[in-house]
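# Topology and contacts: notes
Spelled out, the chains give:
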Amino acid sequence: MVLGVYFTFAAVQGDYGMFARVAIKAEAASLEAERDRLTAELAEMQNLTHRLSDTYLDLDLLDQQARDVLGYMRADEIAIR
């Protein structure tokens, strides 16, 4: 009987038990969500990089980046802070 109780306890709370399996599944779901977020972020960065490359130059994106980074404004614009 003692041996049966020991194996039951190990099956539920041991290193490879049910609680450990639930924790591993929760961590896997968390890591998959982070992977998906990073994949979307990578796709966005690749798109922006392609749009600023030598073979394809998006002038609107270039104008936006110059405004953001260098703080450029046109003469007919008003800056609100």
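Just so you know, these numbers come straight off a predicted model, no measurement behind them. (Residues numbered from 1 in each chain as written. Predicted model: local features only at pLDDT ≥ 70, side-chain atom pairs only at ≥ 80, totals over all residues. Heavy atoms only, no water.)

### Notes on helix H3 (residues 59-70)
Because an α-helix packs 3.6 residues into every turn, residues spaced three or four apart end up facing the same way. Across its 12 residues, H3 extends 16 Å between first and last C-alpha, which sits within 8% of the 16 Å expected from 1.5 Å per residue. For H3, the capping residue at the N-terminal end is Asp58, with a side-chain oxygen 3.3 Å from the backbone nitrogen of Asp60. (Helix = DSSP H or I, 4+ residues; strand = E, 2+ residues; numbered from the N terminus. Expected span 1.5 Å × (residues − 1). Polar contact = N/O pair within 3.5 Å; in protein donor to acceptor, adjacent residues only side chain to side chain.)

### A short note on a nonpolar patch on the surface
Residues Leu52, Leu57, Leu59 and Leu62 make up a contiguous nonpolar surface patch of roughly 360 Å² in combined accessible area. In this structure, Leu52 sits in the loop between helix H2 (18-51) and H3. (Patch = residues over 30% accessible without salt bridge, like charges linked within 9 Å, V, L, I, M, F, W, Y side chains within 5 Å. Areas by Shrake-Rupley, 256 points an atom, 1.4 Å probe, with all protein chains shown as cover. Salt bridge = Lys/Arg side-chain N within 4 Å of Asp/Glu carboxyl O.)

### Section: the confidence of the model for the chain
When the pLDDT values of the chain are averaged, the result is 86; 100% of them are 70 or greater. Between the elements of the chain, mean pLDDT differs from a low of 82, seen in helix H1 (residues 2-13), to a high of 94, seen in H2. (pLDDT = per-residue confidence, 0-100.)

### With respect to the pattern of salt bridges
Under the defined criterion, the tally for this structure stands at 4 salt bridges. Salt-bridge contacts for Arg37 lead to Glu41; the nearest nitrogen and oxygen are separated by 3.5 Å. Here Glu41 and Arg37 lie together in helix H2, a separation of 4 residues that amounts to about one turn. Arg51 is paired through a salt bridge with Asp58; the nearest N and O atoms lie 2.6 Å apart.

### Some words on the side chain of Asp58
In this fold, Asp58 is placed in the loop between H2 and H3. Residue classification places Asp58 among the buried residues on the basis of a relative accessible area of 16%. Here the side chain of Asp58 touches Arg51 through a polar contact of 2.6 Å, side chain to side chain. (Buried < 20%, exposed > 50% of the residue type's maximum accessible area, 1.4 Å probe, protein only.)

### Observations regarding the packing of aromatic side chains
If you walk through the whole model with that rule in mind, you get 1 aromatic pair. Geometrically, the ring pair formed by Tyr6 and Phe7 is edge-to-face, given 5.4 Å between the ring centres and 65° between the ring planes. Taking the relative accessible area as the measure of exposure, Tyr6 reaches 51% and is therefore exposed. (Phe/Tyr/Trp six-rings, centres within 6.5 Å; stacked < 30°, edge-to-face > 60°.)

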